[in-house]
Each structure stands twice: as C-alpha cells, then as structure tokens.
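Remarks on the overall topology
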Amino acid sequence: MPPFVKYILIITSVTLTLIFLIIFVPVYKAAKTIDSLNNSIPRITSIMRYNGDTLDYECYPIPIDSISPHLIRAVIISEDIAFFRHHGIDWAELKIVIRQDITRKGFYRGGSTIMMQLARLLFLSPRKTPLRKVKEILIAKILERKLSKRRILELYLNLVEWGPHIYGAQAASMHYFGIPASKLTRKQACALAAVLPSPKKWNPLNPSKGVEKRIQIIYERLIKYEQKFPEKLWKTM
C-alpha cells in the first residue's frame, strides 16, 4: 500500500473517531439522564453553566397548570408553530434554514423546535456549529420518545432563558411584570414570547420597533388561535 494511502486512511480514521466522540458521547450521556426528567426539573442546566449562572440567578419552577395558557400558546406560536404535528424535528423548516444559511454563508436562523431548544438548554451550549445542531437533533428525538408533549412544554417553560440571569416563566413574569405567570395577560404573554430568540438583547418592557412588530404578529395569531381552539391545550397532547 502506498504511503500516501496509509496516511489518508489514518487521517480518515482519526477524523471519524473524533466525530464519534464529539457527537455520540454527549448524546449518550444525555440519554442516560432523560428518564429522570419525567419526575424532576433540573436546578442547573448546561446553558446556566455556560452563562456562569450557578449561584446568583432567578428560576422558580412551577407546574404547567400554574402558567397562563396565553403564554403557553404565545410561545408555541413564536417558537414552534408545528409543535403538535411534528415528532421532535420540523424537517421542512430545517431544510429552509439550511438552504438560507448556505446561501448567506453563515448561521443566521436556528430552525430549532421547542424540543431541540430544550435539548440545547439542558445538555449543550449556545454556540452555533453544525456538530451542535446534529447533537441537538439526536437528543431532541430521544426527548420526544421518552417525554410527553405536556412535559416537554413544562420543562421548556421553566428553564428557557428570558433575560440576563432569568430562567423560566415564573421568574420572567415576576421580574418584568411583578405578577405570577398564571396572571399574565395576552399582551404580556406575547411580549415575553417575542423576546425568546434573543433574550439578552431584547426586553419585553422596552421593545425595539422590530420586537414591537413581533409582539403584534404573535398577538394577532394568538387571538385567532384561541378563537379556533378555545379548549385547553392538553386535550390535544
């Protein structure tokens, strides 16, 4: 065998081994802990550790029945309109995002479903890389298989970042509006949902024109959604 062929084989072998270690080892570790999420909400997540929020932060986990239905619906409208239809991954949306990122030569849109976002919150970092996206997809599929839609929403709404050192619906509601999450109005819920894509830069109390437009779009869609589906969400979950 020519030396250059041996060299290529060695490089290929090392590369595949590294990819395996980088992708599948974290996914395996995550999979081992997912069953416990049916009974408890983690006090510290990967995103909290990444942000350095392991001691001084706001996070007050509450049952999903104590969160305003307006907020639940507004978040679904904002972040994952196909939440009840897909199985962890919205492949149609993801294909659009990948094509746009290739065209623009960068990572501009995430295309992450709520389950993919939850995978990132719990186990990964916010750094945008193709390898992280692969891990996000794999962990999301495990979450979808082991947890109910209701539980996934409950975990997400209690752990998602809503501003500097602010995590979860209850902490966000108290911080920005001084009321529990159960008391949020439609407008307040839409304001919170609108800032989720960039919670450190966007403020629901002082929105830019772009964020104001997002709030209004979510609000209009929420009104239509609630008129069409006035019953509780859980009947469809």
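Below is a short write-up of the structure. Note that the coordinates shown come from a computational prediction; the quantities given were computed from them, not determined experimentally.

1. Here's the deal with helix α8 (residues 169-177)
- Looking only at α8, the buried set comprises A169, Q170, A171, A172, S173 and Y176.
- At its buried positions, α8 is contacted by β1 (58-59), α3 (69-79), α7 (149-159), β2 (161-163), β3 (166-167) and α9 (186-194).
- Two residues or fewer past α8, G178 is found with a positive phi of approximately 70°.

2. Concerning the pattern of salt bridges
- Taken as a whole and assessed by the stated rule, the structure comprises 9 salt bridges.
- We note a salt bridge from D35 to K146, for which the minimum N-O separation is 3.5 Å. With D35 in the loop between α1 (3-34) and α2 (46-51) and K146 in helix α6 (residues 130-146), this pair connects stretches of sequence that are 111 residues apart.
- According to the relative accessible area criterion, D35 is partly exposed, its value standing at 43%.
- Using a relative accessible area of 29% as the deciding quantity, one classes K146 as partly exposed.
- E154 is the salt-bridge partner of R151, the closest N and O atoms lying 2.6 Å from each other. Taken together, the positions of R151 and E154, both in helix α7 and 3 residues apart, correspond to about one turn of that helix.

3. Describing the packing of α8 against α9
- For the pair α8 and α9, interaxial distance at closest approach is 11 Å and the crossing angle is 110°. It follows that α8 is roughly perpendicular to α9 by the angle criterion. The way α8 lies across α9 gives a crossing that is right-handed. Counted together, A172, Y176 and F177 of α8 and Q188, A191 and L192 of α9 form the full contact between these two elements.
- Considering only residue class, the contact of α8 with α9 consists of 5 nonpolar, 1 polar and no charged.

4. Regarding helix α5 (residues 114-123)
- α5 sits mainly inside the fold: 9 of its 10 residues count as buried.
- Buried within α5 we find I114, M115, M116, Q117, L118, A119, R120, L121 and L122.
- Against α2, α3, α6, α7 and β2 lie the buried residues of α5.

What counts, and where the lines are drawn
- Residues numbered from 1 in each chain as written.
- Predicted model: local features only at pLDDT ≥ 70, side-chain atom pairs only at ≥ 80, totals over all residues.
- Heavy atoms only, no water.
- Buried < 20%, exposed > 50% of the residue type's maximum accessible area, 1.4 Å probe, protein only.
- Helix = DSSP H or I, 4+ residues; strand = E, 2+ residues; numbered from the N terminus.
- Contact = heavy atoms within 4.5 Å.
- Salt bridge = Lys/Arg side-chain N within 4 Å of Asp/Glu carboxyl O.
- Axes fitted to C-alpha atoms, helices over the stretch in contact; angles between N-to-C directions.
- Parallel < 35°, antiparallel > 145°, perpendicular 65-115°, else oblique.
- Left-handed = near helix turned anticlockwise from the far one by under 90°.
- Nonpolar A, V, L, I, M, F, W, Y, C, P; charged D, E, K, R; others polar.

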